[in-house]
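Summary of the model geometry
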Amino acid sequence: MVAALMMAGIAPRKRAVVRVPVVFSRSSGRSGEAPSAEGATGVLELREFPPGPAGLYPDPRTMDGVRSPNGQFAAALGDAWRLAGPQREGRCVVWRIVLSDEPTAPDRIEGPSLGVAFALGLRALLRHRPGVGWLRDVFYGLRPRTALTGALDADGHLLRVAGLDAKLLAARRKGLRLVAPEANRLEVLAAAPRPGDVRFAATLREADRYARQFRTGRIAVSALVLAAVTAGVFALHQRDLAQVGRQSALVSQVSARADQLRATDPSLAARIDIEAYRLSPTGDHYARLLEDANKPLSTVLSDFPGSVLAVTFSPDGRTLAAVGSDGAKGVLGLWDMANPAHPTLFGEAVRVRNGASQVRFSPDGRTLATAGVNTVDTVQLWDVTNRARPQGLGGPLASTPMGPLQFSPDGRILATGSRKVEDEQLWDVTDPTHPAPLGPPLRHTSAVNTVAFSPDSRTLATSSVEDGVRLWNVADPARTVPLDKIWTSASSLTFGPDGRTLAASDRGSVRLLNVADPAHVVAVGRALTGSASVGSIAFSPDGHILATTFADHIVGLWNTADPARSTSLAPPLAGHTAAIYSVAFGPDGHTVATASEDRTVRLWHLPTALLTGHTDIVTETLFGAGGRLLATASTDLTVRLWNTEDPASPTPLGRIQDSESTITSMALSTDGRALATSVYGDKRVTLWNLAEPARPTVAARITNFSAGVSTVAFSPDGRILATATSTGISGGDNSVRLWDVSDLTGVRLRGQLPTGAVTVGGTIAFSPDGRTLAVSGGYVNDTTQLWDVTDPDRPARSGPPLNGGSISLAFSPDSRTLVTTTSTGVTDGTVRLWNVSDHSRPALLGQPLSGYTSPVRAMAFSPDGHILATAGTSVRLWRVTDPAHPTAIGQPMAIAAAELTSLAFTPDGSTLATAGYDHTVRLSALGADQSVRQICTSTNTPTRPQWQQHLPMLPYHDACG
């Protein structure tokens, strides 16, 4: 455009060109593809052509070479042009970008990130008018070594841009300081910005201030002034050093306060971790945020006048009810749960005449029952259709002393205490305004302390000290049939949703009982124990999680998807400061309410991306279909498929079980349409068609093996499947074969590596470019060999072996770096990085990654290759932008309560999937801003007294406001 205007005889105004250093994301892909994660630097040049037509040229809306698929680039320039104000009227401005990194222009310029640079460049260009305006530009202009990135809104506020990490790295390569949007501050990972590398601005005015400087070299000053300036600079330098020291001490104080609270109130500690990260966004503080966001954190409801004795959710989960005591009086409170992060009290708390120690909703949510603490007439039914004004339905039920209280799931029966504490009465509450007794009371030989209905309402479980746990057939509640005693006495009982499992707590443990056959009840699995006696218990709606309260003021969570293999799901939940009397699950399965003597109700928010479908160790996690599909394999003999289009709320799709043996390996094609599985001891590989993930079908079986297949791997294009067999016997079929699976119904053998290429514990991995197959010797052969598989019919050994076998392999996305783990896998966690860009001369990069005290079971590179994740007893993140000098991003993160065996990044790098011995899969968002949002929606703002106690060194404010 510039050349065309010049050829037309249009001369530019004689003034210097305005040059603005810029950093942006670039893409070398075809039109319509997403930009890569690379950053590019350049210089934006703007100049004015007075005789030219008014406007900004070239017009980005009509430029095929840089047109953004979503129009963001054109919109960014349009906003910058409008923000130039009336000075733009009648002006002709032309622009171009000169790349600093490469001589060729990018295929496309994506997104809105050049908006700020254009706005500041236009301001510098258009303010030049005859008069004194030029004087400002003589002494005050844009810094030549400060680059800009950021989107704009119509009011001149800077908006968040994507790929800031890559842009920071690009700016650092050119020695540029970067001005970026304040909205990006929280997502800067680890130690990405070194001091002085980046400034964050919220408005165009702030960005202008950071991007400009006084040009002191143009001012003639006397030696005296120069000396004064020198002294001033020295003083400022000393002041800056002192400020840095004070800032460091402040950050240390804040971090120390969070660490002190971590064991007793992790929710408050998480809020303080936000403060520490904002003061110093380093790797340690980032790792803390990530770890916090994966914990169950709590919101505190402290509107209660006394001890809270019981809590329950309405069936639709939109109301929370709690009862307690206020001296001799009972109190009922109802909270609106429309926003679970900030529940609000419906109206005012209701006084309950005969006290209140228990509360239950009817299944239709229209009626509430409360039981008091006096000797008789304590059960009251309430009409709660108007939550703000609960109305008593008549008087209390006659002859109902303090005792167990429970509605049947069909809503027809209410079980309460009777005239005698050792009896339990059933009531017909079909019409709650006229409850009527159903038959005689259920007789026990001692006081009844807990009852529970089965999901089908046909069985009632009761417990008393002398009778123990007993089942009753209440299909005809007027003529109940007592069954035999099935267990010793229990302090709390609850049925699982399947009706086959009954959880019974007694002092220091919880036992899960199989009651499918009441005549032959058996305990399944081990006793679930904590550090103190057990109080209240509750199952999640799907039965996969059991919550228990302990006498030492903590809550336990257990994975009970398979009652015979129950495991701890998380470290004990701490926060209450007195006895916990009651626990209840919300219908969403991710919210747990607890009631305590400390006058509070806590709402515990479980991470929503917690997958609990497996019933044994999860061994592999693989993403496909652009991250929309997740496949997980487990020693429970199954593969499960999940819809992860929204990683924050994954949903189950399908389930595969093809054998009665454990799945040893699994491979998922990149497009998510094909899955390969191998089974322990089975001399075959099964290929599954996942065109419909909810209904996977067998596409083919490869059976040409003389030994069990230990490992399978798809090439990046999904056309080749590599299989490794391993017998562990000298001379056995320890081979690797390459199969053409481009047509799943017509699989054929292409090539084979020599026998002995892989041994017990060995593994295989394709490089992302598909040209190399890495084969590790495993436990026996202490080497890893690279093979050229460009021609799958004739695989060829490529270079010398890498010394040090591996039980896990991972290639970087550019195929230039290979990561291996120690082959011992027993006492250490040695992780080595190798430069394999030249196969003839593979080289070890630096020293092995240190700081491990247990074996590393899994590894994965982020899609941009900047981060390496490793898993064992914890997750560690390493910045490997320079693979020869990897740096740890913070401390190890205890994301799960048990050892991890697998991890995988989503293709966009925003989420990390981890899985292991606790039978669960977790999807963890990796952005710091996402972690902050998770913490903010799951915790309270610290009160002023809390702030004064723990953070007196900082002014009081809401970190989430």
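Our structure's up above, just so we're on the same page.
Residues numbered from 1 in each chain as written. Predicted model: local features only at pLDDT ≥ 70, side-chain atom pairs only at ≥ 80, totals over all residues. Heavy atoms only, no water.

So, the pairing of strand β67 (residues 875-879)
The test is simple: Each residue gets one of three labels from its accessible area relative to the maximum for its type: buried under 20%, exposed over 50%, partly exposed in between, using a 1.4 Å probe on protein chains only. Helix and strand definitions follow DSSP, with helices as H or I runs of at least four residues and strands as E runs of at least two, each counted in order from the N terminus. By the convention used here, strands pair only if DSSP detects at least 2 bridges between them.
Within β67, 5 of the 5 residues are buried, leaving the element largely enclosed by the surrounding structure. In β67, alternate side chains face the same way, and those of V875, L877 and R879 on one face and R876 and W878 on the other are all buried. Across 5 bridges, strand β66 (residues 867-871) lies against β67 in antiparallel orientation. By the bridge assignment, I867 is partnered in β67 with R879. Linking two consecutive strands that pair antiparallel, namely β66 and β67, is a turn of 3 residues. Examined bridge by bridge, β67 and strand β68 (residues 887-888) share 2 bridges and lie antiparallel to one another. Residue pairing across strands places R879 opposite T887, the latter belonging to β68.

Concerning the sheet that holds strand β41 (residues 591-596)
Heads up, the condition is: Comment: axis = line fitted to C-alpha atoms, over the contacting stretch for helices; angle = value between 0 and 180 degrees taken between N-to-C directions. Residue contacts are defined here by distance: any two heavy atoms, one from each residue, within 4.5 Å place the two residues in contact.
What the 4 strands build is an open sheet, ordered β13-β42-β41-β40; its pairing is antiparallel. Here the strands that pair on one side only, and so sit at the sheet edges, are β13 (297-301) and β40 (580-585). Ignoring strand direction, the axes of neighbouring strands in this sheet form an average angle of 20 degrees. Packing of helix α10 (residues 928-938) onto the sheet brings it into contact with β13 and β42 (601-605), and relative to β13 it is tilted by some 30 degrees.

Remarks on the pattern of salt bridges
Put simply, the rule reads: The term salt bridge refers to a pairing of a side-chain nitrogen on Lys or Arg with a carboxyl oxygen on Asp or Glu at a separation within 4 Å.
Counted according to the given criterion, the structure contains 27 salt bridges. Between R262 and D259 there is a salt bridge whose closest N-O contact spans 2.8 Å. Of the residues examined, R262 reaches a relative accessible area of 15% and is grouped as buried. Of the residues examined, D259 reaches a relative accessible area of 41% and is grouped as partly exposed. Salt-bridge contacts for D423 lead to R443; the nearest nitrogen and oxygen are separated by 2.4 Å. Of this pair, D423 sits in strand β25 (residues 423-428) while R443 sits in strand β27 (residues 442-443); the two residues are 20 residues apart in sequence, bridging distant segments of the chain. Each of D259, R262, D273, R288, D292 and K295 takes part in one network of salt bridges that share partners.

Examining the state of the cysteines
Our working definition: A pair of cysteine sulfur atoms is labelled a disulfide when the two atoms are within 2.5 Å.
Applying the stated criterion across every chain yields a total of 1 disulfide. Residue pairing for C936: its cysteine sulfur links by disulfide to C960, the two sulfurs lying 1.8 Å apart. For the disulfide bridge between C936 and C960, the dihedral angle about the S-S bond is near -75 degrees, and by the sign convention the bridge is left-handed. Taken together, the residues C936 in helix α10 and C960 in the segment after α11 (944-950) connect sequence positions 24 residues apart. You can call C960 partly exposed: its relative accessible area is 28%.

Details of the side chain of S665
Selection criterion: A 3.5 Å cut-off defines polar contacts: any pair of N or O atoms within that distance qualifies, except that in protein one atom must be a possible hydrogen donor and the other a possible acceptor, and neighbouring residues in sequence count only when both atoms are side-chain atoms.
Its location among the elements puts S665 in strand β48 (residues 663-668). According to the relative accessible area criterion, S665 is buried, its value standing at 5%. Polar contacts involving the side chain of S665 include one to the main-chain amide nitrogen of V712, which spans 3.1 Å. Residues contacting S665, with those up to four places away along its chain left out, are E620, A676, T677, S678, S710, T711 and V712.

Observations regarding the sheet that holds strand β53 (residues 720-725)
Hydrogen bonding along the main chain pairs the strands of a sheet, whether they run parallel or antiparallel. Spatial strand order, β52-β53-β54-β55: 4 strands in an open sheet with antiparallel pairing. If you trace the sheet from one side to the other, it starts and ends with β52 (709-714) and β55 (748-752), each paired once. Across the sheet, the axes of successive neighbouring strands diverge by a mean angle of 25 degrees, strand direction being ignored. Pairing of β53 with strand β54 (residues 736-740) involves 5 bridges; the strand directions are antiparallel. Bridging from a neighbouring strand, A722 pairs with L738 of β54.

Re the environment of L690
Inspection of the secondary structure assignment puts L690 in the loop between β50 (685-689) and β51 (697-702). C-alpha separation for the pair L690 and G654, spaced 36 residues apart in sequence, amounts to 9.6 Å. Not counting residues up to four positions away in its chain, the partners in contact with L690 are L629, L641, I656, L668, G672, R673, A674, L675 and P696.

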